[in-house]
Amino acid sequence: MERSRLPLEHLVQRYGMSSRCNVRAADIPVLSLEEAGSNARGRLREEISLALRQDRAEAIVLGCAGMADLTAELRAEFGVPVIDGVAAAVKQAEALVSMGLSTAKRGAYATPVAKPYRGLLDMFQPGRSGGMPEGG
């Protein structure tokens, strides 16, 4: 959807891909893909054609999980990789897990510094017995 384009462009810029990636919006509500007569699939195809022609795109990343079942069909039709972003993210996560990688435990991801619990939260201090007060 057009309303998602600017936040997505910001992410593309943040990840350093602005010179290699354009974000387009076909303005297709996900449920319209299943509605007969909505022309949602036609609009998607038009936007892909424009991306290939105007942006000289070499691959298409679909921005909606509801389009996942179209990837093989669109790949065959347009002759470029068409990627389901959700499937790609899951495969990336699987690869990191299979390599035994996890988030660093230092720097920004270090265990937070212990802080005292005061007032009403004192009873929840780690290592302290007690817990919820009666009636809580």
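- As recorded in an unreviewed UniProt entry, the protein goes by Hydantoin racemase and comes from Bradyrhizobium lupini HPC(L).
- The heading Sequence similarities (unreviewed entry) in the UniProt record of the protein holds the text "Belongs to the HyuE racemase family."

**Some details on the overall build of the protein**
And then number 1: Within the protein, the regular secondary structure consists of four helices and two strands.
And then number 2: When its helices and strands are written in sequence order, the protein yields α-α-β-α-β-α.
And then number 3: Here the C-alpha atoms of the protein give a radius of gyration of 23 Å, more than 25% beyond the 14 Å that 2.2 N^0.38 yields for 136 residues.
And then number 4: In terms of principal-axis extent, the alpha carbons of the protein reach across some 65 × 35 × 30 Å.
And then number 5: Classification of the 136 residues of the protein by burial places 18% in the buried group.
And then number 6: In the protein, of all internal contacts separated by at least 6 residues, the share reaching a separation of at least 24 is 32%.
And then number 7: Accessible area of the protein: about 10,400 Å², with a carbon and sulfur share of 56%.

**Examining the nonpolar core**
And then number 1: Grouped together as the largest cluster of nonpolar side chains are 15 residues, with contacts concentrated most on Ile28, Leu44, Ile60, Leu62, Met67 and Leu74.
And then number 2: Not counting chain neighbours up to four residues away, the residues in contact with Ile28 comprise Met1, Leu33, Ala40, Arg43, Leu44 and Met67.

**Describing helix H4 (residues 85-98)**
And then number 1: Under the 1.5 Å per step criterion, the end-to-end length of H4 is 20 Å for 14 residues, consistent within 8% with the ideal 20 Å.
And then number 2: One or two positions beyond H4, positive phi appears at Gly100, with a value near 75°.

**So, unusual backbone geometry**
And then number 1: The backbone of Asp27 shows a phi angle near 50°, a positive value even though the residue is not glycine.
And then number 2: Residue Asp27 is classed as partly exposed on the basis of its relative accessible area of 36%.
And then number 3: The backbone of Asn39 sits at a positive phi, close to 60°, despite the residue not being glycine.

**Describing the state of the cysteines**
One covalent bond between the sulfur atoms of two cysteine residues makes up a disulfide.
And then number 1: Tallying each qualifying case throughout the model produces zero disulfides.
And then number 2: Residue Cys21 stays outside any disulfide, its sulfur separated by 17 Å from that of Cys64, the closest cysteine.
And then number 3: Judged by its relative accessible area of 22%, Cys64 falls in the partly exposed class.

Criteria and cut-off values
Residues numbered from 1 in each chain as written. Predicted model: local features only at pLDDT ≥ 70, side-chain atom pairs only at ≥ 80, totals over all residues. Heavy atoms only, no water. UniProt positions renumbered as here; feature names shortened; annotations may be inferred. Helix = DSSP H or I, 4+ residues; strand = E, 2+ residues; numbered from the N terminus. Rg over C-alpha atoms; globule rule 2.2 N^0.38 Å. Buried < 20%, exposed > 50% of the residue type's maximum accessible area, 1.4 Å probe, protein only. Contact = heavy atoms within 4.5 Å. Areas by Shrake-Rupley, 256 points an atom, 1.4 Å probe, with all protein chains shown as cover. Core = buried A, V, L, I, M, F, W, Y, C linked by side-chain atoms within 4.5 Å. Expected span 1.5 Å × (residues − 1). Disulfide = S-S within 2.5 Å.

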